[in-house]
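The lines below spell out each chain.
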Amino acid sequence: MPQRILVVDDDPQIVRLLRAYLEKEGFQVFVAYDGNMALHLIRSERPDLVLLDLMLPNRDGWGVTRVVRGDANLAAIPIIMLTARVEDGDKILGLELGADDYVTKPFNPREVIARVRAVLRRVRGEPLLPKVIQTGPLRIDVDRHEVEVNGQPVHLTPTEFSLLRTLAEHPGYALTRLELIEKGLGYSYEGLDRTVDSHIKNLRRKLDQVGGPGLGTELIETVFGVGYRLRPETRQVKEGQQ
Amino acid sequence: MNRLWVRLTLAFTLITLVTLGVVAIMANMRAGEAFRFYLSYRDPWRYEPLVQALALYYKNHGSWQGVEVLLERWQEVETILQQMTGMSQPMVGRMRGMTFPGGSRVQLVLTDATGRVLYDRMQQHPGRRLTPDEAAAAIDIEVGGKVVGRLVVALPIQSAILGPIEQRFFDRLRQVLLAGAILAGVLGVLLGVAFSRTLSAPLQRLAVAARAVANRDFSRRVEVGGSAEIAEVSQAFNEMAAALEQAEQLRKNLMADVAHELRTPLSVLQGNLQAILDDVYTLDKAEIARLYDQTRLLARLVDDLRELALADAGQLHMNLQPTDVSQVLRSTVAHLTPAAEAQEVKLTLQVPEGLPLVHADSDRIAQVLHNLLVNALRHTHAGGAITVSAIATNEGVEITVADTGEGIAPEDLPFVFERFWRADPARSRNEHWPGGSGLGLSIAQSLVKAHGGRIWAESTLGKGSTFHFTLPLANAQSASTKAT
């Protein structure tokens, strides 16, 4: 049975966007455009998680959170706040009221999905991030910075590992070169696109060396005109789960 | 050497030294003179025998007639006595160690009872009056208890009459003056340091505070105190710092608002684009159109912000000339009538004939009215009405935009012209007027102010809002030109 997510935002474009992503990820999605409608749906549908914008008509996000946390039947429902407000005070207030996480606009929808998954895992008492990511013959141990192909270790530079991990954290999604730089290399600078290409080239070569010719290109696909992605059939493995 | 306390100290010391020097010189001169005067006239009782002789003479003769002879004789006697240098004589008995060089004679002056000089041995000026010095030293000659004349006896005024004791007296006087000079000099330095410190300390504090402000510590203030000038500078400094602090706060608020307002269209743009890349959305024209709308919203926001910044800086280009405001109202209302009809809102214009000309830029006035009307349309539901009217007042022409919309809560009324303020905590959603920049009323306010007019709002929650603004008359343009 799919997990059920309530998306609350007064901007229909944002709702549409989040809904599309969540549904693609296999969630069942309900939507609300104001605070009272959100409370009504929370009570009637008991979603597994609420994605809640703060600036809402009728009753704002803080008001909704207060009511949910004050109701013993609803208090356990995790809430991720979503807002354009960036002041620290707002974040602290949100978190103090019992929000489980906080996403600021403009957001990356994939990141919102990742946060949704993380909060759901945390609620079920699982570790926040998968420690081991496996796709086909590739196995990435995030904590130990170890990569194996068919059980054989692959020796990567920190940059290469970081790029591979970033790709693996968004399995099946193409990441642009700029995104890879920002997320994988930790800085933002235009004109470094080709640097990413050379790192990817090295990464593929090392995967080929261990796993046989062609494996690198097979695992890390080039999406023409966009960037790179890790082969979609990735599975996230935590011993005994999924 | 350039420091204030050094300069002040030097000035103090210099003044002290100059004063003391003058005092010393004057004292030295005058004291010698006074001392000689004292010496020359002292001990008048020594001449008691002469006084008695003169009294007897007067008694015998009944007048001073022929007294010169007696006085001349007295001189002779005295000269002889001097030559004998008998120090025991009553007349010179007290003048120990003093010698009269040969030829030097004692001055004798005799006056009658009225003070007129009868006999003056040295100057031979009978008939003159006594000098104040002589008068002070004069001895009365009494006959039968009645003053009949006055006698002045003076030793020759010569430095020679100063003996070692008297010399010593002058030495001491000089020493005292020198000690006084040194003491005064030290006091001058101390006073200079203390005084200049109190004078320069607030200046130093000001300098420190000014540097702090330069380093963007706008909350820095200085203590207002000290002399009136320093207090005034401190006061002015504090006012400057307060103005800077306020400007900084405004800037921060504006930056926060801008960042906030840019975030919403940006997140839609970014998210939708990513969704297309991720194949979550299909790539089609409807999708592109949504993105395009968001970029237009962003562009309008940037334009509006620029306009506001220019108006705030007073750099808005205004083409002010006598303008028939009714014409502007008519064309703007006509422009928005189709939109109002589509929304089923009744838009009417009430302009009396013969409105006076106003001193205004017609394009800017159209923009003000447009912003007010869009605001009214955004908050007025189907079936409502919006009325635009104009009347002539003392101030000029007052234009009113009244709607029957949602109205504004009294506590919100003061904020309606603030940037990015919205009646609804969430962005107002109105299918006909999506995504305003939140700057329309702020811009209207800035433009009206740039014309030298006023703008204000009245509202009853649930019944509707009324916005008024005034424009100055064309013939009162000098005042409004200044205002722009």
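Parameters and conventions
Residues numbered from 1 in each chain as written. Chains lettered and ligands numbered in written order. Predicted model: local features only at pLDDT ≥ 70, side-chain atom pairs only at ≥ 80, totals over all residues. Heavy atoms only, no water. Helix = DSSP H or I, 4+ residues; strand = E, 2+ residues; numbered from the N terminus. Buried < 20%, exposed > 50% of the residue type's maximum accessible area, 1.4 Å probe, protein only. Contact = heavy atoms within 4.5 Å. Areas by Shrake-Rupley, 256 points an atom, 1.4 Å probe, with all protein chains shown as cover. Buried area = accessible area lost by both parts, 1.4 Å probe. Salt bridge = Lys/Arg side-chain N within 4 Å of Asp/Glu carboxyl O. Polar contact = N/O pair within 3.5 Å; in protein donor to acceptor, adjacent residues only side chain to side chain. Nonpolar A, V, L, I, M, F, W, Y, C, P; charged D, E, K, R; others polar. Pairing = 2+ DSSP bridges. Axes fitted to C-alpha atoms, helices over the stretch in contact; angles between N-to-C directions. Expected span 1.5 Å × (residues − 1). Phe/Tyr/Trp six-rings, centres within 6.5 Å; stacked < 30°, edge-to-face > 60°. Lys NZ or Arg CZ within 6 Å of the ring centre and 35° of its normal. Core = buried A, V, L, I, M, F, W, Y, C linked by side-chain atoms within 4.5 Å. Parallel < 35°, antiparallel > 145°, perpendicular 65-115°, else oblique. Left-handed = near helix turned anticlockwise from the far one by under 90°.

Chemist: Could you clarify how one ought to interpret the overall build of chain B in this entry?
Modeler: For chain B, the helix and strand inventory stands at eleven helices and eleven strands. Looking at chain B residue by residue over its 484 residues, the buried ones come to 42%. Considering only intrachain contacts with a sequence separation of at least 6, the fraction spanning at least 24 residues in chain B is 68%. For chain B, the accessible area works out to roughly 26,800 Å², and carbon and sulfur atoms hold 58% of it.

Chemist: Hey, could you run me through the interface of chain A and chain B in this one?
Modeler: For interface size, the figure often reported is the accessible area lost on association. Listed per partner, the contact involves 29 residues of chain A and 24 residues of chain B. Counting the surface lost from both chain A and chain B, the interface buries some 2,300 Å², and carbon and sulfur atoms represent 54% of this. On the chain A side of the contact with chain B, A:Gln13, A:Arg16 and A:Pro106 bury the most area, a combined 25% of that side's loss. Across the contact surface, chain A and chain B share two salt bridges. Across the salt bridge formed by B:Asp278 and A:Arg110, the nearest N and O atoms sit 2.7 Å from each other. Our count for the contact surface shared by chain A and chain B stands at eleven residue pairs in polar contact (both at pLDDT 80 or more). Looking at the side of chain A that touches chain B, the elements that each hand over two or more residues are helix 1 (12–24) and helix 5 (109–123) of chain A. In terms of residue count, helix 1 of chain A provides more of the side of chain A that touches chain B than any other element does, seven residues in total. Tallied by class, the residues present in the side of chain A that touches chain B amount to 15 nonpolar, three polar and eleven charged.

Chemist: Just to check I follow, could you spell out the sheet that holds strand 1 (residues 107–112) of chain B for this structure?
Modeler: Within a beta sheet, neighbouring strands are joined by backbone hydrogen bonds and run either parallel or antiparallel to one another. Residues and elements named next belong to chain B. Strand order in this open sheet of four strands is 2-1-4-3, and the pairing throughout is antiparallel. Strand pairing shows two members of the sheet lacking a second neighbour, strand 2 (117–120) and strand 3 (139–143), which therefore form its edges. Put simply, the sheet's adjacent strands are angled 20° from each other on average, direction ignored. Where strand 1 meets strand 4 (residues 146–154), six bridges bridge the pair, whose relative direction is antiparallel. Paired with Thr111 across the strands is Arg150, a residue of strand 4.

Chemist: Would you explain helix 5 of chain A in this entry?
Modeler: Residues spaced three or four apart along an α-helix face the same direction, because each turn holds 3.6 residues. All names here are of chain A. Given a rise of 1.5 Å per residue, 15 residues ought to cover 21 Å, and the 21 Å separating the end C-alpha atoms of helix 5 matches this to within 8%. For helix 5, every residue scored as buried is listed here: Pro109, Arg110, Val112, Ile113, Val116, Ala118, Val119, Leu120 and Arg121. Capping the start of helix 5 is the job of one residue whose side-chain oxygen sits 2.9 Å from the backbone nitrogen of Arg110: Asn108. Looking one or two residues beyond helix 5, the residue adopting positive phi is Gly125, at roughly 75°.

Chemist: Explanation requested: the pairing of strand 12 (residues 227–230) of chain A in the structure shown.
Modeler: Residue and element names in this part refer to chain A. Pairing of strand 10 (residues 175–176) with strand 12, which is carried by two bridges, proceeds in the antiparallel orientation. Paired with Leu175 across the strands is Tyr228, a residue of strand 12. With four bridges joining them, strand 11 (residues 220–223) and strand 12 adopt antiparallel strand pairing. Across the sheet, the residue bridging to Thr222 is Tyr228, located in strand 12. Joining the antiparallel neighbours strand 11 and strand 12 is a turn of three residues, in which Gly225 adopts a positive phi near 80°.

Chemist: Could you clarify how one ought to interpret the sheet that holds strand 10 (residues 455–460) of chain B in this entry?
Modeler: All names here are of chain B. Across the sheet, which stays open at both edges, the five strands sit in the order 6-8-9-11-10 with mixed pairing between neighbours. One side of each edge strand has no neighbouring strand; the edge strands of this open sheet are strand 6 (346–350) and strand 10. Each strand of the sheet is rotated relative to its neighbour by a mean of 15°, with strand direction disregarded. Alignment of strand 10 against strand 11 (residues 464–472), held across six bridges, turns out to be antiparallel.

Chemist: I'm lost on the packing of aromatic side chains in this one. Help?
Modeler: Pairs of aromatic rings are described using the distance from one ring centre to the other and the angle between the two planes. Summed over all chains, the structure comprises three aromatic pairs over all chains. Where B:Tyr58 meets B:Trp64, the ring centres are 4.9 Å apart and the plane angle is 50°; that geometry is what we call tilted. Since its relative accessible area comes to 9%, B:Trp64 is described here as buried. Between B:Phe417 and B:Phe467, the ring centres sit 5.9 Å apart and the planes meet at 85°, which makes this aromatic pair edge-to-face. Note that B:Phe417 is positioned in the loop between strand 9 (396–403) and helix 10 (440–450) and B:Phe467 in strand 11, a separation of 50 residues in sequence. Residue B:Phe417 shares its accessibility class with B:Phe467, and that shared class is buried. The lysine or arginine in question, A:Arg16, covers the ring of B:Tyr281, its NZ or CZ lying 4.1 Å from the ring centre.

Chemist: Please explain helix 10 of chain B as it appears in this structure.
Modeler: Residues and elements named next belong to chain B. Among the eleven residues of helix 10, nine are classified as buried, and the element is accordingly described as predominantly covered. Of the positions making up helix 10, those classed as buried are Leu441, Ser442, Ile443, Ala444, Gln445, Ser446, Leu447, Val448 and Ala450. Gly452 lies just past helix 10 and shows a positive phi near 85°.

Chemist: Help me understand the nonpolar core in this model?
Modeler: Soluble, globular proteins show a tendency: their nonpolar side chains are buried together. Counting residues in each nonpolar core, the largest one holds 49 residues, and the members touching the most others are B:Val325, B:Leu372, B:Leu373 and B:Ile399. In terms of residue count, helix 9 (residues 362–378) of chain B provides more of this core than any other element does, eight residues in total. Ignoring anything within four residues of it in the chain, the contact list for B:Leu373 reads B:Thr332, B:Val333, B:Leu336, B:Leu347, B:Ile386, B:Val388 and B:Val401. A:Val15, A:Leu22, A:Leu82 and A:Leu120 belong to the second-largest nonpolar core, a separate cluster that totals 32 residues.

Chemist: Looking at this model, I keep getting lost on the side chain of B:Asn375. Mind explaining?
Modeler: Topologically, B:Asn375 is positioned in helix 9. Here B:Asn375 is in contact with B:Leu441 and B:Phe467, once residues within four sequence places are set aside.

Chemist: Just to check I follow, could you spell out the packing of helix 2 (residues 35–45) of chain A against helix 3 (residues 61–70) of chain A for this structure?
Modeler: Packed helix pairs are characterised by how far apart their axes lie and by the angle those axes make with each other. Residue and element names in this part refer to chain A. Axis separation between helix 2 and helix 3 bottoms out at 9 Å; the angle between their running directions is 25°. In terms of axis orientation, helix 2 runs roughly parallel to helix 3. Helix-helix and strand crossings are classified by hand; for helix 2 and helix 3 the assignment is right-handed. Contact residues: helix 2 offers Gly35, Leu39, Ile42 and Arg43, while helix 3 offers Val64, Val67 and Val68.

Geometric values such as these leave the question of function open.
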